[in-house]
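# Results of the structural survey
Given next are the chains, with one letter for each unit.
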Amino acid sequence: MSDDEREDVGNGGDDAQAVNAVRNAEEAAERGADVGAPAGGAGGDDAVESEGVNATVTADAQQEDATDANAEGDATAAAEEDSDDEDEGIRRRRRKRAMALDEEDYELLEDNQVTGFKRKEKKKRIQTAAEREGATTAEPRAAGTIADLERGLFGEDDDEEAAGAEGEAPTAAVQAPEAPDAKHAVAYSDDDDSEDEMDDFIVRDETDGPKESKEERQRRLKSSIPGLRRDQLQDAADIFGDTEELHRMFARRNRVGGVAESQSVEDLAEDSSDGEDGEMDDFIENDDANAEDYERARAAAAERRAAKVEQKSARKSVGGPAEAKTWASKAFEPSVVKEQMLTAADDQIRETDIPERQQLKPRPASAPMDWEHEARWIYDRLMGVGSVQKGQPTPEGALLLRGAADYESEEARMNREYMLEQSMNELPAEEAEAIISSIVLFLKLTFEEHLEVPYIGTQRRDDMVLLLRGRYEEARRALDEDGGNYERLLRRFDVMYAILDWDDRYVRLELRKSRLAASFNAIAEAKADHEHGQVARQLINHLHYATMDHFVDDIEAKANLFFKEKLDGTSRRPQRRTDYDLHVAKGIRDLVKMSGPTAETLGESLFHYKDSDNLADVPPSELAKVYLDQGFTKIEHVMEAFVTVAATEIGAEPTIRNWLRDKFSEHATVSTHPTPQGTEIVDPWHPIAPIKRLKDVPLYKVTGEQFAYMMEGKRRGLLKVSIGFSKVRVEHTLQEMYTSYLSENESALANEWNAVRKSILEKALNEHLLPAATRDFASMLGQDARDHMARTCSEGAWSYIYCAPWQPPRAEEEIDVRVVAAVAGSPATFVALDTAGELVDYIQCHTIGRNLGGPRAAGGAQMNSQQDELQALMNFVVQHRPHVCAVGAIGMDARRVYEVLTATVARIVEEQPRAIPEEVSVIAVEYVDDTVAKLCETASVVKSEMPEQTPVVLRAVALGRYMLNPAAVVASLVPGGEAGSLPMCPLQDAVLSKDDRVAIMERQLVTLVNQAGVDVNAVCAHPWMAGLLRYVAGLGPRKAAVVVNAVRSHEGGVIDNKVDLKPSLKETVFRNAAAFLRVVGGDVLDSTRTHPEHYDKAEAIVQNALEVEDDMTTMDKYDKERLIEQCFQPKTWETKVAPLILEDYAGYLETEAGMGKLLEIVREIRVEMRYPFKEIRPPWVSLAPENLFSLLTGETPQTLAQGKLIHCTVKKIEGPRDGRQARAVCTLDSGLIGYVDKSDVSDNHVDRLEEKIQPGQVITARVAMDGIDIHNFTVQLVCSGRTLKPAETALWEEHMHAGERNPYYSMEIQDGELAPKKKSAAQKKKPAFIKRNIDHPYFQNIDPVAAQDKLKDADIGEVIIRPSSKGVRNLSCTMKMYDDIYKHIDIREGNKGSGVSNLGLGSPLIIDGEEYEDLDEVMARHVEPQVSLVKHMLRHRKFMGGTKDEVDAALKQQLARSPSIRPYALSVSYEYQGMFCMSYIRSSSGNVHHEYIVLTPAGFKYRKMVFPTVDRLLAFFKVNCAKPPPGHDPNPW
């Protein structure tokens, strides 16, 4: 047994390695049996000394083999006779080991009190040399037999009795081997818990050589698997032991002659033993053997091997292919196998020469292949045919019409725009046919040649010119005469991806039609002469012309009406029978057919404007009498059934539904209005405010974006949406239907039938046709909404990845950038990354980013600590010499970190300028969007790469890497699905699923990565970038792993040529990927975007440029490479390559060589010779001020905008108290600073600012016009009475949404917007009060009981101002605090008049000594702050509903569950209404204490102190709860 094998077993490796070790031991035993080891002592010592564990494990086999060998005396005969015994012995020992109980099994049996078993004796291990030398006091051990040794090592064997009966057990003694040197001895502990039974028996002999050191092992691991970090390999080795065998198994699992995928570990062992048995058979030596003996031995070995192969094949075929397991399933858990993509299905994807993304989302095999028909269908959809918007093209269709084309001049673009205006947005027939032909070619390349969009868009763009019309910034500018301004630009391939999306819908539609057609054909054949057969044939004809899903819905509606079988031919499940079914069963349908035109006839008449002359000869009542014996008791019931059946069939007729759908799209309207809840929540700055109140918007003018917000508002209960005809349009539609359905005869009979027919049409229209049309168009608008949100999310996803890596401003050449990235927090974390993005070092600072100054500073110790950390940070930056420092822009703490880094860089410039890298003049400090880095904290891929790092370090590393390669960092979020959590558009969660958003991000990554290119060797050397390979054309997670393995298997872990990857990727996949993979340092063309299939064109360009007479195709490789490299030199390129007229060469390739259009390809080749893989992504752009403001503050245009009402807390008063410059300083919830000038506090003159505003007070204010300073992070506020009135908000609403901005936006309050007013349920005796003449929205002349009754069903915080029972000099304000809890606020009036004027409102208004000008100011400064405080209290995590007794019981239950905690809770006081109660338990006694909290405009008053927030109150309570309340009075009043 080799050293590595001993180490595998001894270290307790994984299952595969353990099986490997046992297999080697058994093979050694078999080899010993073949050569005929002697019995007794002759083989004992040698076996123990030479084979160690193997001799011990295979003791039974050696004894049997030795006895047989001595009995026969012939090696050949022994080999023939012992074969079956060996196999049986091996199988017996395997079964024994499999059924043996280990220590954990015995403990489990004992824990469950299971008796009747005997614990197996613990196996003794062989003593090491050092232990033998140290055991001086031990008595010498007598030599025992082999059987004794077996019993000592393995315990009693069930087979020993049988063996003893046969007399075959040997009795020779086994002597201990000589003790090796102590320095080579390896000691193993008796209490080792390893599950591997071999661990206790390993003895390292001095002949084994010196033990491998840790450093040598690390070097060996690093050299064997290039690309993996040494610490990762060492961790794997420490956990699993030597993993080399497992790596070898994986590497050769699919190689020719290697391990087959379906082979099990046991099969591997048998295969190995077969080979070694054969070798032993070939080299048997016997002095008495002759040539004939050798031939017999070889024949016997061959027969034995054939028998084993047959036996193994039979074993595999028992379960069939479905039960075959992969090699990995034998060694790993199923979840691990699936996660690591090692299943048979994954290997099938790896082996199939089709792009992985096409395999994961394959086109159905039964999908139609009529590319011409599909291309025309897709073209119609792109141009808006059949859409809700009446032929308005989709955004991608608009690109085909008005998108910018490469090399198109401004004049040509203007001429095209004029032509489209004249032709009503219709392309010339020639161009339309050319586009359809391009779509046909695109579909063929995609689904027949299995090429992906990046390849088609770059390598076949000469044929895709019309499909490459796109955004203006993506189009190449018109070329100069010499073509010197040729440029490469980043493209999005919008039209091509839209074609793929429409192809998916087309396939689903056609497959659905095919299934229905098959069902209808079966029905038509089975019931050829029946009415159902005729209906089936009609539906087949309708299917032929169905081009949209709603047309097929019409057909299915009629089929479901007539056919009681499922459309696949099976019977339907029992369902509730409809009225139509019941009436048809009674024969009413016969009456329908004989009394007037059928539904089919009506449909034809509506389209051709024909009237009906079909009229029954008898009145309806006479015909109805016939059915009185069919279960109907009255003629009226028969006529109702008749109307129901006829209306149902009209409502299900496809031609009629199609006719109405045309009318509906032309004349239907959409209206919205808010619900009572929406009226309260949706202010002019709410996301759904633009569609809050729309009136009669034409259906075809509703966009997908608008409908998305409508559906979101409806889902949240904020909006009511109605789609349909107006009453006038309904009447007009009925009149059109009357014309085709009613009889024109003038007679009493005709009038009777026409009256019935009118009832039929009204019922059909109102109950069937209009609801169906509404559902259809709602579904179509819903699809438009999803498409719009998908496009918007695509833009959002693109914004995360499209930028190039950061480079210094005005840098002439690209440099390798080092980054220091910082994440604010407690502590703030700073990491240093090298130019490859690998983590070099990091520090954490606990005081940096925190505001330690000011009057509340903790003291000088923390300030000194901060100075120390600032110096440590400076040393950190100086040591690592970054080119840029990145600060994660999230929260106001990040702003302080940014300021610290900026000051640190300034100090470095002054004190240590040599620390600044040579490539830059100053170290840049940049804010970076922290959104992506934040998700990396928990991303599975990032955590698996650096499992030893904390989440904040992972976040900081991701932030720095984002500056080096944004796409690579985002790519790491896709496998675990974290990319779906990135904010991409406002309604992404409501419209698109997380999987949809991940798929959108994958598509954007595919688009970008292929155009930017991937350096294969670089990404394989750095795992954090390896994720980019997944998005190379043709590749995916599995095939990318194939590339990584192929690269790492090369010498040094790098490849020199792209062609080296072709055997691994195969032809089609390599064709897709080759142009986008970059290999630096080998073939010079491999470092360009030139596809290997075009290298011959590149060589032709070189040959013509350098005027080489010899044929380069026959040149030596190195001579050819030298010539090509010469053309890459700038001077040679400018003088010889650039002047080439490539148009002539491209014409030659197209006409004479027959290679097709290649002009764009040869242009690309020429430019790549000058600028290989030049960066085409736009340069890194710093965050815009408005985006930075939003990231740092968390404020959005919906939460903070000019004109919006907000709540803020007054902190202090600045400036002279009685001067004009005085102002109040406030803080918003986001941490922003707000200012209220003295002139904006009141409509009237104010002498002192303190008269209106006090520090600590929560006020309502409106953001002033242009009051948001995004650069200084301040907000200007106003809170005068006039600006706080609802009329001011209405003015903002009209300005932002109505008028010219949206002519359909209505400012009129609609029915249902306001909550209905309920009358008092119980009339009680009303206290006397005097009605007042006060005009205010909140004032009502009611008593307190009525006020509470009105507020009973209102929301928390609703208010009613009412007359006071104290007289005309007082008012009362009743506010709802909680269910059945109200607070009454007394308002005293000043400057009251006499007489009638005494009933008016006095001024000022006084509450608790505070004066207010009017009721608006009372609401804004006194009531609304209390409402805000109440809502914050009710939302707090410690608030508990219920009475005092219920809260006390809940606290006692918490104490019982967790005696170590001291529970407390906040609740509403039912004893003292208008107050809150603090309930808490201070000790283990369980006594509940209660204290009360008063609600004031400035905050919560508790223990004679006012707290602006609940959290501050609780913080004070936690510190002072043990102290007695002031005055020991629980009632603060």
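Structure first, text after, so check above.
Note that the structure is predicted; figures quoted are calculated from it, not measured.

### Regarding helix α52 (residues 1117-1127)
- Buried residues of α52: K1120, E1121, L1123, I1124 and C1127, and no others. All buried residues of α52 lie within an arc of 165° about the axis, which places them on one face of the element.
- Residues of α52 that are buried sit in contact with α51 (1095-1105), α53 (1130-1137) and α55 (1159-1170).

### Observations concerning empty space enclosed by the protein
- As enumerated under the stated definition, the model contains 11 cavities of 30 Å³ or more in all.
- If you go around the largest cavity, you meet 21 residues; those closest to its centre are T458, R461, R476, R1089 and E1164.
- Counting residues per element, the ones that place at least two in the lining of the largest cavity are α24 (453-459), α45 (994-1012) and α55.
- Residues that form the lining of the largest cavity fall into these classes: seven nonpolar, eight polar and six charged.

### Some details on the packing of aromatic side chains
- Counted by the stated rule, this structure contains 18 aromatic pairs.
- On the numbers, 4.1 Å between centres and 10° between planes, the contact of Y898 with Y927 is stacked. Of this pair, Y898 sits in helix α39 (residues 892-911) while Y927 sits in strand β8 (residues 924-929), and the two are 29 residues apart along the sequence.
- According to the relative accessible area criterion, Y898 is partly exposed, its value standing at 23%.
- Clustering of aromatic rings is evident, with ring pairs tying together W377, W502 and Y506.
- Between R505 and the ring centre of W502, over which it is positioned, the NZ or CZ distance is 4.6 Å.

### Some words on the sheet that holds strand β22 (residues 1475-1481)
- The five strands are arranged β21-β22-β23-β24-β25 in an open sheet whose pairing can be described as antiparallel. Both edges of this open sheet fall to β21 (1464-1468) and β25 (1505-1507), since each of them pairs with a single strand only. The sheet shows a mean angle of 30° between the axes of neighbouring strands, direction not considered.
- Sheet analysis places strand β23 (residues 1488-1496) next to strand β24 (residues 1499-1502), joined by three bridges and oriented antiparallel. The residue of β24 that forms the bridge with T1496 is G1499.
- Each of β21, β22 and β23 touches helix α60 (residues 1444-1457); the most contacted strand, β22, lies at about 30° to it.

### Notes on the pairing of β23
- When you tally the buried positions in β23, you get eight out of nine residues, the bulk of the element.
- With antiparallel pairing between neighbouring strands as the criterion, β22 and β23 make up a hairpin whose turn holds six residues, including G1486 at a positive phi of roughly 90°.
- Counted between consecutive antiparallel strands, the loop separating β23 from β24 contains two residues.

### A few points about the pattern of salt bridges
- Inspection of the entire model under this criterion finds 81 salt bridges.
- Between R791 and E396 there is a salt bridge, and its shortest N-O distance comes to 2.9 Å. With R791 in helix α37 (residues 748-801) and E396 in helix α21 (residues 395-402), this pair connects stretches of sequence that are 395 residues apart.
- Accessibility expressed as a relative area gives 27% for R791, which makes it partly exposed.
- Given a relative accessible area of 11%, E396 falls into the buried group.
- Where K663 meets E736, a salt bridge forms, and the shortest distance between an N and an O atom there is 3.2 Å. Of the two residues, K663 is situated in helix α33 (residues 654-667) and E736 in helix α36 (residues 727-741); the sequence distance between them amounts to 73 residues.
- Within this structure, R461, R476, E1143, E1160, R1163 and E1164 form a network of salt bridges that share partners.

### Regarding the sheet that holds strand β11 (residues 1205-1214)
- On the basis of which strands lie adjacent, the closed barrel formed by five strands has the order β11-β12-β13-β15-β14 and mixed pairing. This sheet shows a mean twist of 50° between the axes of neighbouring strands, independent of strand direction.
- Pairing analysis gives four bridges linking strand β13 (residues 1233-1237) to strand β15 (residues 1274-1278), with the strands arranged parallel. Each residue of the ladder has a partner; that of Y1235, found in β15, is Q1276.
- On the sheet, helix α59 (residues 1415-1435) packs against β11 and β14 (1258-1269) and is oriented at approximately 100° with respect to β14.

### Some remarks on the environment of K1252
- Looking at the secondary structure, you find K1252 in the loop between β13 and β14.
- When sequence neighbours within four positions are dropped, the list of residues in contact with K1252 reads V1241, S1242, V1246, Q1257, E1410, E1411, Y1412, E1413, E1417 and R1421.

### Quick word on the nonpolar core
- Counting residues in hydrophobic clusters, the biggest one holds 206 residues, and the most contacted among them are L467, F642, I650, M1001 and L1029.
- No other element matches α37, which puts 20 residues into this core.
- Each residue touching M1001, except ones within four places of it in the same chain, is listed here: A797, Y800, I801, V970, V974, A979, L982 and M984.
- Counting 56 residues, the second-largest nonpolar core is a separate cluster that includes A889, L901, V920 and L1232.

### Structural notes on the packing of helix α26 (residues 531-545) against helix α27 (residues 549-562)
- Their axes nearest at 10 Å, the elements α26 and α27 cross at an angle of 170°. In terms of orientation, α26 lies roughly antiparallel with respect to α27. Across the interface between the two elements, E531, H532, V535, Q538, L539, H542 and L543 of α26 pack against I555, K558, A559 and F562 of α27.
- Among the residues forming the contact of α26 with α27, the class breakdown is six nonpolar, three polar and two charged.

### A short note on unusual backbone geometry
- Cis rather than trans, the peptide bond between S826 and P827 has omega equal to 10°.
- Topologically, P827 is positioned in the loop between β4 (819-823) and β5 (828-833).
- Omega for the bond connecting S1403 with P1404 falls within 30 degrees of zero, at 0°, which places this linkage in the cis form.
- Inspection of the secondary structure puts P1404 in the loop between β18 (1381-1389) and β19 (1405-1407).
- A positive phi angle, close to 55°, is found at F493, a residue other than glycine.
- Within the secondary structure, F493 is located in the loop between α24 and α25 (494-526).
- A positive phi angle is found at D1266, which is not glycine, with a value near 55°.
- Along the chain, D1266 falls in strand β14.
- Look at D1266 and you get exposed, because its relative accessible area is 65%.

### Here's the deal with the packing of helix α30 (residues 599-608) against α36
- Orientation of α30 relative to α36, taken along the N-to-C sense of each, is 115°, at an axis distance of 9 Å. By the criterion of interaxial angle, the relationship of α30 to α36 is roughly perpendicular. Between α30 and α36 the crossing geometry is right-handed. Side by side, α30 and α36 meet where L602, S605 and L606 of the first sit next to E736, M737, S740 and Y741 of the second.

### As for the side chain of K1376
- Following the sequence through the fold, K1376 ends up in strand β17 (residues 1367-1378).
- Despite its burial, K1376 pairs with no opposite charge; the closest candidate is D1379, at 4.0 Å N-O.
- Apart from residues lying up to four places away in sequence, K1376 is in contact with L1351, K1352, D1353, A1354, D1355, I1356, G1357, E1358, I1381 and Y1382.

### What about the side chain of R997?
- Of note, R997 is situated in helix α45.
- The residues contacting R997, other than those within four sequence positions of it, are G980, M984, Q988, D989 and L992.

### Notes on the state of the cysteines
- A complete count under the given rule lists zero disulfides for this structure.
- No disulfide involves C1208; its sulfur sits 4.0 Å from the nearest other cysteine sulfur, which is in C1226.
- The class of C1208 is buried, set by a relative accessible area of 2%.

### Topic: α30
- Among the residues of α30, those classed as buried are A599, L602, G603, S605 and L606. For α30, the arc enclosing every buried residue in end-on projection is 165°, short of the 170-degree limit, so these residues lie on one face. Exposed and facing more than 90 degrees away from the buried side of α30 are E604 and H608.
- Lining the buried residues of α30 we find α32 (635-652), α33, α36 and α37.

### Some words on the environment of E869
- Along the chain, the position of E869 falls in helix α38 (residues 860-880).
- Owing to a relative accessible area of 13%, E869 belongs among the buried residues under this scheme.
- The spatial distance from the C-alpha of E869 to the C-alpha of I843 is 9.6 Å, given a sequence separation of 26 residues.
- There is a polar contact of 2.7 Å between the side chain of E869 and the side chain of T847.

Analysis parameters
Residues numbered from 1 in each chain as written. Predicted model: local features only at pLDDT ≥ 70, side-chain atom pairs only at ≥ 80, totals over all residues. Heavy atoms only, no water. Buried < 20%, exposed > 50% of the residue type's maximum accessible area, 1.4 Å probe, protein only. Helix = DSSP H or I, 4+ residues; strand = E, 2+ residues; numbered from the N terminus. Arc of directions from axis to C-beta. Contact = heavy atoms within 4.5 Å. 1 Å grid on protein atoms, 1.4 Å probe; cavity = no way out; pocket = protein on both sides within 12 Å on 5 of 7 lines; lining within 4 Å. Points joined across faces, edges and corners; volume = space filled by probe spheres on them. Nonpolar A, V, L, I, M, F, W, Y, C, P; charged D, E, K, R; others polar. Phe/Tyr/Trp six-rings, centres within 6.5 Å; stacked < 30°, edge-to-face > 60°. Lys NZ or Arg CZ within 6 Å of the ring centre and 35° of its normal. Pairing = 2+ DSSP bridges. Axes fitted to C-alpha atoms, helices over the stretch in contact; angles between N-to-C directions. Salt bridge = Lys/Arg side-chain N within 4 Å of Asp/Glu carboxyl O. Core = buried A, V, L, I, M, F, W, Y, C linked by side-chain atoms within 4.5 Å. Parallel < 35°, antiparallel > 145°, perpendicular 65-115°, else oblique. Left-handed = near helix turned anticlockwise from the far one by under 90°. Lys, Arg positive; Asp, Glu negative; His and termini not counted. Disulfide = S-S within 2.5 Å. Polar contact = N/O pair within 3.5 Å; in protein donor to acceptor, adjacent residues only side chain to side chain.

It is worth stressing that arrangement in space is one thing and function is another; only the former is reported here.
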